[in-house]
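Architecture at a glance
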Amino acid sequence: MPSSTQRPDPPYRRIVAEIRAQILSGDLRPGDRAPSIRQIAQRWGVAIATATKVMAALRDAGLVEAKVGSGTVVSAHARPAQPAGLTTSPRPRPRQALNRRQVLRTAIAIADVEGLDAVSMRRLAAELGVGPMSLYRHVANKDELVTQMTDEAFGEPELPVPGPEGWRAKLELISRRQWELCRRHLWLPRAVSFTRPLLVPNMMAHTEWTLRALDGLGLPMTTRLREALTLHALVITVALPLADETEAEQETGVTLDQWWLEQRKRSNELLGSGRFPLLATIEAETVSDLDGLFEYSLARHLDGFAALVEAQARA
């Protein structure tokens, strides 16, 4: 008889199986730090992409979860295997009639805590207590899910009509509403594209509101659109480090305050060397004050735009 060969499991599956065994055996208990993506890559000698796939599979299986300030930890729902004769049956999940908004708000809640990478159709189905196939009646795939999540989030701020008096007050209002939105949903800046814009109603309503705020200034529509996009880009650019910081805390378990404490010796050495006398006069909090950076950037941009409006009026 011809011998048959069995194809080996992909590397990421073998690693997932090893970590799963550690969790089920009790070597890794609920709340314990799970190996980070970098640690997985180093320990098993695999690429970061493979290690990322391992982490996604562990999340999808409900074995690990991300907690801000603690990194990725073993999930509270992951329990060691019961000794023989002491098995327990899982609690049945109640069936519920899904609607689109429920799907989106649950996905947003996952992304708010763990980031976009943690959102998958399988994970979302587990949170909702339904089979993954039932989600496809509401969204076709993850790309569409993220698009609809983004639109749902942009529908949260109220945009008053007609809004405050004057074009500058209006532009300040919508910029600050979008900044608050990005502060509330740290994953949001990563979901926005300027080259492939999301054609969804709530985001388009923000752009339309901004264009209308510039009525009566005599500006061509091209300039008005560029101003709307520039304001949006300003918000997104300053908000991106917020998302980066959250991911860094989840990945390493080190908060920003802890990181700065670790850097204090090196910082003191550099600033005390006399090579950087001006930098040495600056308060350390100024560097990480993104709210202050946003307000400064917005004010200076609008000062420049005001000069354009005045030049247009004179012309």
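Anything mentioned here points back to the structure above.
Residues numbered from 1 in each chain as written. Predicted model: local features only at pLDDT ≥ 70, side-chain atom pairs only at ≥ 80, totals over all residues. Heavy atoms only, no water.

1. What to know about the overall build of the chain
If you tally the helices and strands in the chain, you get 13 helices and 2 strands. In the chain, which comprises 315 residues, the proportion classed as buried is 37%. A separation of at least 24 residues holds for 71% of the contacts in the chain among residues at least 6 apart in sequence. Put simply, the chain shows about 19,000 Å² of open surface, and 54% of that area lies on carbon and sulfur atoms. (Helix = DSSP H or I, 4+ residues; strand = E, 2+ residues; numbered from the N terminus. Buried < 20%, exposed > 50% of the residue type's maximum accessible area, 1.4 Å probe, protein only. Contact = heavy atoms within 4.5 Å. Areas by Shrake-Rupley, 256 points an atom, 1.4 Å probe, with all protein chains shown as cover.)

2. A closer look at the environment of Leu 270
Mapped onto the elements of the fold, Leu 270 is located in helix α11 (residues 256-271). With relative accessibility at 31%, the residue Leu 270 sits in the partly exposed group. Along the primary structure Leu 270 and Ala 280 are separated by 10 residues, whereas in three dimensions their C-alpha atoms are 8.9 Å apart.

3. Focus on helix α5 (residues 121-128)
Residues spaced three or four apart along an α-helix face the same direction, because each turn holds 3.6 residues. What α5 keeps buried is the set Met 121, Arg 123, Leu 124, Ala 125 and Leu 128. One or two positions beyond α5, positive phi appears at Gly 129, with a value near 70 degrees.

4. What to know about the nonpolar core
Core analysis: the biggest nonpolar cluster contains 56 residues, and Leu 135, Leu 145, Met 149, Trp 167 and Trp 187 have the highest contact counts within it. At the level of secondary structure, the elements contributing two or more residues to this core comprise α4 (100-114), α5, α6 (142-154), α7 (167-184), α8 (188-191), α9 (201-213), α10 (221-252) and α13 (290-314). Those residues in contact with Trp 167 that sit more than four places away from it in its chain are Ala 213, Leu 214, Leu 217, Leu 302, Phe 305, Ala 306 and Val 309. (Core = buried A, V, L, I, M, F, W, Y, C linked by side-chain atoms within 4.5 Å.)

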